[in-house]
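Read off the chains here:
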Amino acid sequence: MRSCLYKPFCLVLAGVLLLSPVGWWGASVAKAAPSVEPSPSVSDTALSAGSVNNNKTIGTYGFEQGNSEGWKPRGTYTQIASVSEAAYGGTHSLKATARTAAWNGAELDVKPLLQPDVEYEISGYVKLDGNSAVSNVIKLTVEQQPTGGATAWKTVAQTETMDTSWIKLQGKYTFTGGMDALKLYVESSNPAQAYYVDEVQIRQVSETPTEPTHGIVSGFEDGTAQGWVSRMGAETVQVSNADARTGSYSLLTTGRQKAYAGPKLDVTATVQKGNRYTVSAWVKLAPGEQPAKVRLSVQRDHQGESAYETVVGDTATTTGGWMHLSGTYTLTNDADTISMYLETTEGTSSFYMDDFELSLVPPLAIEKDIPSLHGLYQGQFSIGTAIEAFQTEGAYGELVQKHFNSVVAGNAMKPISLQPSEGQFHWEEADQIVQFARQHGLEIRFHTLVWHNQTGDWMFKDKDGKPMTPTAENKKLLLDRLETHIRAVAARYKNVITDWDVVNEVIDPDQPDGIRRSKWYQITGTDYIEKSFRVTREAAGPNARLFINDYNTHEPKKRDFLYNLVRDLLAKGVPIDGVGHQSHIRLQFPAIDEIEQSIEKFASLGLDNQITELDMGLYSNDTDRYETIPEAMLIRQAHRYRALFDMFSRQQEHISNVTIWGTDDGNTWLSTFPIARLDKPLLFDERLKAKYAYWALVDPSKVPPLPAGSNE
């Protein structure tokens, strides 16, 4: 339950990675207090939100609630407890017993509370539990674990005592640089001596630095909501001491009236366009609630329009334990305001949230002294990758230039991205990708002109703004809108983009005729498919290569439905030049020979084949998740990538392009689909470093042998 903001260099978090927008502390990077004043005011379950100023009390620990208030035993056998047998103030103190070394005793994690280059005054009262025959040296000490450095111990204050009177320890403390851990503890030179500690106080006594903030941590231990507010206004968002993952407090949201209602934090001042952040939060349903799925989302507002993005997908949550929501987020669009919020898939369950952390990922750098990937396949087929506009710059841009000679827009050229409302075209991001590709001599694939997903709702509304029904009038209106969209796009990129995904995912093998019952089909039948290709040929010109694109084309039933559709369209003179095989495959399936058979089958029609969205998920089902991917899986992935590309090389006569769906593991759609989980499906890791999968293609000798039991 930590709460604070980080500086750029204070990014390594003990236990959890996060992302970094500024929050309630503004430009300050101080971490918030571990606990509010200890006495009666914290007994209420819900605490109202408040603000914290500089030169403030960061934490006060009086142990009046009968618990340790976040203090932990230091030492294998040490025990601590809030007791009423002695107290400096109030009726309780914290007693440390069963110590076996001088440094054993009571310990508090203060990393969430303190920030670099700020001076603190730390004080407290200590009392021995009995007279001592020898003098005891009592110290307040901070254990420091610098990021990338050696552990050090810094004495804040010390004194000597032999009797049972209360003595005060008080001193100043500051540190510089990033820290992986900071622990405040009380030690005594006599390890056999138990002691009491009471009225510990940490105060900030210098101004907070004003450099830009690169991280946020919300743990609510200061008793405030730390900038979190009600998203819709009707729900109640309050700090609560009824439950907590760490410390004593969490944030409780009740009275939700919509699934998208929940706690919200404005992160505008922290999240910068093009930067990548890690985000982490822990959630738990309130007592009495039925299981629900919670997700963490972003709202971007720009020029009066709002857009929504899922950072961590639907995560099953119950009253039985804390669930971890963890993901990454990159701001790729302009935004006037940005907020992060928690919501549920459905229902209005009350829930707790704790230990929210947001952290800027350090700058990326590519490996410049390794072979170019596309150079390996020169003369066979081009090697592409899916990018967003922000990846045309910096390290991402360098990675693309080095390893790929073809690009496709992951999202920027989809229908809703280009024409979110009728007649209103947004070209900026698509143009940025095209300009980048032309500047560096890269081929461009267009994805996609027509799709049942990510198409504006307006496309399927009649002239009165109501959902279309299958009438002749609506069919004409829809096909006219289709033509208008295609001609506008093709006119802009004619002779610049050569390969076009004209229609995407039209096959549904569960239908008797194999055609997906999309809104396109419901209104126009299959006429929209034919018209899309004919209009694109007219608008994009004779040199454009036109593709029909789909997933699971290796499955015999789906493959045959697609084959029959394409064969029949070709017989009618519809201009189709090739088939795009998305190839979102997994570590265990499909068999590579099934993919090869599909390529050969469509080649028999005289068509080109392109592998348009290749990635290799590591899971065999839609429910498992790993916190850390086992190395054995990455080795198996590498060997399977090698076998797959060996097949592509065999089929080079029939394949003109292989496109990897993403630059790196930090930018993969599989982090949220089919569920929120860690997956590493690509050739480069999230730090843009070459994985075993890359080396399997470039130099297999650098890949360990297959683990025992593997049969690739």
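These notes cover the structure that comes with them. The numbering scheme is per chain: residues are counted from 1 as the chain's sequence reads. With pLDDT at 70 or above as the cut-off, local features in this predicted model cover only qualifying residues; side-chain atom pairs require 80 or more to be listed or tallied, and sums for whole chains, interfaces and linings still use all residues. No hydrogens and no water enter the side-chain calculation; it runs on all heavy atoms of the structure.

### Brief notes about the overall build of the protein
Each helix is a run of H or I in the DSSP string that is no shorter than four residues. Each strand is a run of E no shorter than two, and both are numbered from the N terminus. Summing up its helical and strand segments, the protein has 11 helices and 34 strands in all. Principal-axis analysis of the C-alpha atoms gives the protein an extent of 105 × 65 × 45 Å. Each residue is placed in one exposure class: buried if its accessible area under a 1.4 Å probe, protein chains only, is under 20% of its type's maximum, exposed if it is over 50%, and partly exposed if it falls in between. Considering the protein as a whole, with its 712 residues, one finds that 56% of them fall into the buried category. For the protein, the proportion of contacts with a sequence separation of at least 24, taken over those separated by at least 6, is 77%. Note that accessible areas follow from Shrake-Rupley with a 1.4 Å probe, and for residues the cover is restricted to the protein chains shown. Carbon together with sulfur atoms contributes 47% to the accessible area of the protein, which is approximately 27800 Å² in total. In this tally, Asp and Glu contribute negative charge and Lys and Arg positive charge; neither His nor the terminal groups of the chain are included. Positions of charges follow a simple convention, taking NZ of Lys, CZ of Arg, CG of Asp or CD of Glu. Of note, the protein has its 66 positive side-chain charges centred 3 Å away from the centre of its 87 negative side-chain charges. A contact between two residues is defined here by any heavy atoms of the two lying within 4.5 Å.

### Brief notes about the sheet that holds strand S24 (residues 337–344)
Any two strands are treated as partners once DSSP identifies two or more bridges connecting them. Spatial strand order, S16-S19-S24-S21-S22: 5 strands in an open sheet with antiparallel pairing. Unpaired on one side and paired on the other, strand S16 (229–230) and strand S22 (305–317) mark the two borders of the sheet. Bridge count for strand S21 (residues 292–302) against S22 is 10 bridges, and the pairing is antiparallel. Across the sheet, residue alanine 292 finds its bridge partner in S22, namely threonine 317.

### Thoughts on the nonpolar core
Within this scheme, the nonpolar core is defined by two criteria: the residues are buried Ala, Val, Leu, Ile, Met, Phe, Trp, Tyr or Cys, and they are joined through side-chain atoms within 4.5 Å. In this structure, Phe446, Tyr493, Trp500, Phe533 and Ile548 are the most contacted members of the largest nonpolar core, which totals 59 residues. Judged by nonpolar contacts, the second largest core, of 45 residues, contains Ile383, Ile585, Ile592 and Leu688.

### Some thoughts on the side chain of glutamate 221
Position of glutamate 221 among the secondary structure elements: in the loop between strand S15 (215–218) and S16. Whenever a nitrogen or oxygen atom comes within 3.5 Å of another N or O atom, the pair is scored as a polar contact, on the condition that within protein one atom can donate a hydrogen and the other can accept it, and that pairs from neighbouring residues in sequence are kept only if both atoms are in side chains. A polar side-chain atom of glutamate 221 sits 3.0 Å from the main-chain amide nitrogen of serine 248.

### Describing the pattern of salt bridges
Here a salt bridge means any side-chain nitrogen of Lys or Arg lying within 4 Å of a carboxyl oxygen belonging to Asp or Glu. One pass over the structure, following the stated rule, counts 33 salt bridges. A salt bridge links arginine 487 to glutamate 538; the shortest N-O distance between them is 2.5 Å. With arginine 487 in helix H5 (residues 472–493) and glutamate 538 in helix H7 (residues 527–540), the pair connects residues that are 51 residues apart, well separated along the chain. What makes arginine 487 partly exposed here is its relative accessible area of 30%. When the shortest N-O distance is used, the salt bridge between glutamate 530 and lysine 572 registers 2.8 Å. Note that glutamate 530 is positioned in helix H7 and lysine 572 in the loop between helix H8 (556–571) and strand S31 (578–581), a separation of 42 residues in sequence. Classification of lysine 572 as exposed rests on a relative accessible area of 52%. The network of salt bridges with common partners includes Glu483, Arg487, Lys531 and Glu538.

### Side note on helix H9 (residues 592–603)
By this rule the span expected of a helix is its residue count minus one, scaled by 1.5 Å. Between its terminal C-alpha atoms H9 stretches 17 Å, which fits the 16 Å expected from 12 residues at 1.5 Å a residue. Among all positions of H9, only Ile592, Ile595, Glu596, Ser598, Ile599, Phe602 and Ala603 are buried. Buried residues in H9, looked at end-on, bunch into an arc of 160 degrees, giving them a common side. Summarising the contacts, the buried residues of H9 are in contact with H8, S31, strand S32 (584–586), strand S33 (608–617), helix H10 (631–650) and strand S34 (655–660). The directions considered for the arc are those from the helix axis to the C-beta atoms.

### Quick notes on the pairing of S34
Burial within S34 is extensive, with 6 of its 6 residues counted as buried. Two elements, strand S26 (residues 382–387) and S34, share 4 bridges in a ladder whose sense is parallel. Directly across from isoleucine 383, in S34, lies its bridge partner valine 658. Handedness of a crossover: with both strands directed away from the viewer, a clockwise path from the first strand across the helix to the second marks it as right-handed. Between S33 and its parallel partner S34, the chain crosses via H10, and the hand of that crossover is right-handed.

### Considerations on the packing of aromatic side chains
Only Phe, Tyr and Trp rings take part, Trp by its six-membered ring, and two of them pair if their centres are within 6.5 Å. Stacked means planes under 30 degrees apart, edge-to-face means over 60, and tilted covers everything else. This model, assessed by the stated rule, comprises 23 aromatic pairs. When the centroid spacing of 5.9 Å and the interplanar angle of 85 degrees are considered together, the rings of tyrosine 61 and tryptophan 71 count as edge-to-face. Taken together, the positions of tyrosine 61 in strand S4 (residues 57–61) and tryptophan 71 in the loop between S4 and strand S5 (72–74) put the pair 10 residues apart, joining distant regions of the chain. You can call tryptophan 71 buried: its relative accessible area is 1%. Measuring from centroid to centroid gives 5.1 Å for phenylalanine 425 and tryptophan 427, while their planes differ by 5 degrees, and the two rings are stacked.

### As for the sheet that holds strand S11 (residues 152–161)
Backbone hydrogen bonds are what pair the strands of a sheet, in a parallel or an antiparallel way. The sheet built from 5 strands is open, its strands ordered S5-S8-S13-S10-S11 with antiparallel pairing. The two strands at the open ends of the sheet, each matched to only one other strand, are S5 and S11. For this sheet the average axis-to-axis angle between neighbouring strands, irrespective of direction, equals 25 degrees. Sheet analysis places S5 next to strand S8 (residues 105–109), joined by 3 bridges and oriented antiparallel. Angles shown run from 0 to 180 degrees and are taken between the N-to-C directions of axes, each axis being a line fitted to C-alpha atoms and, for helices, limited to the stretch in contact.

### A look at the environment of phenylalanine 220
With respect to the helices and strands, the residue phenylalanine 220 is situated in the loop between S15 and S16. We classify phenylalanine 220 as buried; its relative accessible area is 0%. Counting along the chain gives 88 residues from phenylalanine 220 to tyrosine 308, while the straight-line C-alpha distance between them is 26 Å.

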